[in-house]
Amino acid sequence: MTKFSRQRIQSGFSLIELMITLAIIGVLAGIAIPNYTEYVTKSKIAEAIGPLSDMRVKMERHFQDNRTYVGACVAGTQAPLPADTSNFTFSCPVANLTATTYKVVATGISSMSGFILSIDEANIRRTEGVGSGWTAPVTNCWVRTKGGGC
C-alpha cells in the first residue's frame, strides 16, 4: 500500500459544519431583524414629529396676526396643514379649532397604523395611540421608543 491510499482528501463542507453555520445565521437574524424593524419605525415617527412641530409655529403666527385660531389649517393661510406622507396623514379637527384652542393630529397609515400623535395650543405633545407591540408613554410626550420612552 502506498502512502497516498490511506489519506482521504476532503472536499467541500461536512453536514455538521453546514448545520452550525445555519444555526449561527438563524440566531443573528433573530436578533437583527426585530431591532432593524424597530429602528425603521422610529425613523418613520420622525415624519410626524417634524411637521407637527412646524405646525405649532405656524399656528402661533396665525394667532398673532388674527387673534384667533379659527380659519387656520387650510390652504392659503399662514398655517396650512402639512402635506400627507406615505406614513402619516395630518388633520386639524374642527371641534378643537376655536378662537383660543387648536389641535393638530398626525394619524399613522399603512405600516404606521395605530400611531396617533398630536400637539395643541399649550404645546402639549401627546401620543394618543401606538402601533402593535409598542407601549404608550405615561406622560404627555411623543413616543420615540418601543418601551414607551419619549
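Given the structure is predicted, the values throughout are model-derived calculations rather than measurements.

Engineer: Please give an account of the layout of surface pockets that cites residues and values.
Structural biologist: Size it by volume and the largest pocket reaches roughly 160 Å³. Surrounding the largest pocket, 13 residues form its lining, Thr37, Glu38, Thr41, Ser132 and Trp134 being those nearest its centre. Classifying every residue of the lining of the largest pocket gives 5 nonpolar, 5 polar and 3 charged.

Engineer: Go over the sheet that holds strand 4 (residues 125-129) with me, naming the residues and quoting the values.
Structural biologist: Here we have 4 strands laid out as an open sheet, ordered 1-2-3-4, and antiparallel in their pairing. In this open sheet, the two strands that pair with only one neighbour each are strand 1 (88-91) and strand 4. Direction aside, the axes of adjacent strands within the sheet are offset by 20° on average. One ladder, built from 4 bridges, connects strand 3 (residues 116-120) with strand 4; its direction is antiparallel. Looking across to strand 4, one finds that Ser118 is bridged to Arg126.

Engineer: Could you give an account of the nonpolar core, naming the residues involved and the relevant values?
Structural biologist: Of all hydrophobic cores here, the largest spans 25 residues; its most connected members are Ile45, Leu52, Met59, Phe88, Val104, Phe115 and Leu117. Taken together, the elements giving at least two residues each to this core come down to helix 1 (15-66), strand 1, strand 2 (103-108) and strand 3. In terms of residue count, the dominant contributor to this core is helix 1 (7 residues). Those residues within four positions of Leu52 in sequence are excluded, and the remaining contacts are Phe90, Val104, Val105, Ala106, Leu117, Ser118, Ile119 and Trp142.

Engineer: Lay out the state of the cysteines with the relevant residues and their values.
Structural biologist: Applying the stated criterion across every chain, the model contains 2 disulfides. The residue that forms a disulfide with Cys141 is Cys150, at a sulfur-sulfur distance of 1.5 Å. Numbered in order of appearance, the disulfide-bonded cysteines of the protein are paired 1-2, 3-4.

Engineer: Lay out the environment of Glu128 in plain terms, naming residues and giving numbers.
Structural biologist: Tracing the sequence through the fold places Glu128 in strand 4. Here the alpha-carbon distance between Glu128 and Val143, two residues 15 residues apart in the chain, equals 9.5 Å. Contacts of Glu128, omitting those with residues within four sequence positions, involve Lys103, Ile116 and Ser118. A polar side-chain atom of Glu128 sits 2.6 Å from a polar atom in the side chain of Ser118.

Engineer: Run through the environment of Pro80, naming residues and quoting values.
Structural biologist: Among the structural elements, Pro80 can be located in the loop between helix 1 and strand 1. Given the relative accessible area of 25%, Pro80 is considered partly exposed. As for Pro80 and Thr107, which are separated by 27 residues in sequence, their C-alpha atoms are 17 Å apart. When near neighbours in sequence (up to four residues on either side) are disregarded, Pro80 contacts Met55, Cys73, Val74 and Ala75.

Engineer: Explain the pairing of strand 2 to me, and be specific about the residues and the numbers.
Structural biologist: The buried fraction of strand 2 amounts to 5 of the 6 residues, a majority that puts the element mostly inside the structure. As paired elements, strand 1 and strand 2 share 4 bridges and run antiparallel to each other. The residue bridging Ser91 from the neighbouring strand is Val105, located in strand 2. Alignment of strand 2 against strand 3, held across 5 bridges, turns out to be antiparallel. Each residue of the ladder has a partner; that of Lys103, found in strand 3, is Asp120.

Engineer: Give me the lowdown on the pattern of salt bridges, citing residues and values where you can.
Structural biologist: Taken as a whole, this structure holds 3 salt bridges when the rule is applied. Residues Arg56 and Glu60 are paired through a salt bridge, measuring 2.9 Å at the closest nitrogen-oxygen approach. Here Arg56 pairs with Glu60, and both are found in helix 1, just 4 residues apart, close to one helical turn.

Cut-off values and rules
Residues numbered from 1 in each chain as written. Predicted model: local features only at pLDDT ≥ 70, side-chain atom pairs only at ≥ 80, totals over all residues. Heavy atoms only, no water. 1 Å grid on protein atoms, 1.4 Å probe; cavity = no way out; pocket = protein on both sides within 12 Å on 5 of 7 lines; lining within 4 Å. Points joined across faces, edges and corners; volume = space filled by probe spheres on them. Nonpolar A, V, L, I, M, F, W, Y, C, P; charged D, E, K, R; others polar. Pairing = 2+ DSSP bridges. Helix = DSSP H or I, 4+ residues; strand = E, 2+ residues; numbered from the N terminus. Axes fitted to C-alpha atoms, helices over the stretch in contact; angles between N-to-C directions. Core = buried A, V, L, I, M, F, W, Y, C linked by side-chain atoms within 4.5 Å. Buried < 20%, exposed > 50% of the residue type's maximum accessible area, 1.4 Å probe, protein only. Contact = heavy atoms within 4.5 Å. Disulfide = S-S within 2.5 Å. Polar contact = N/O pair within 3.5 Å; in protein donor to acceptor, adjacent residues only side chain to side chain. Salt bridge = Lys/Arg side-chain N within 4 Å of Asp/Glu carboxyl O.

Everything listed here is a matter of geometry and, on its own, says nothing about what the molecule does.
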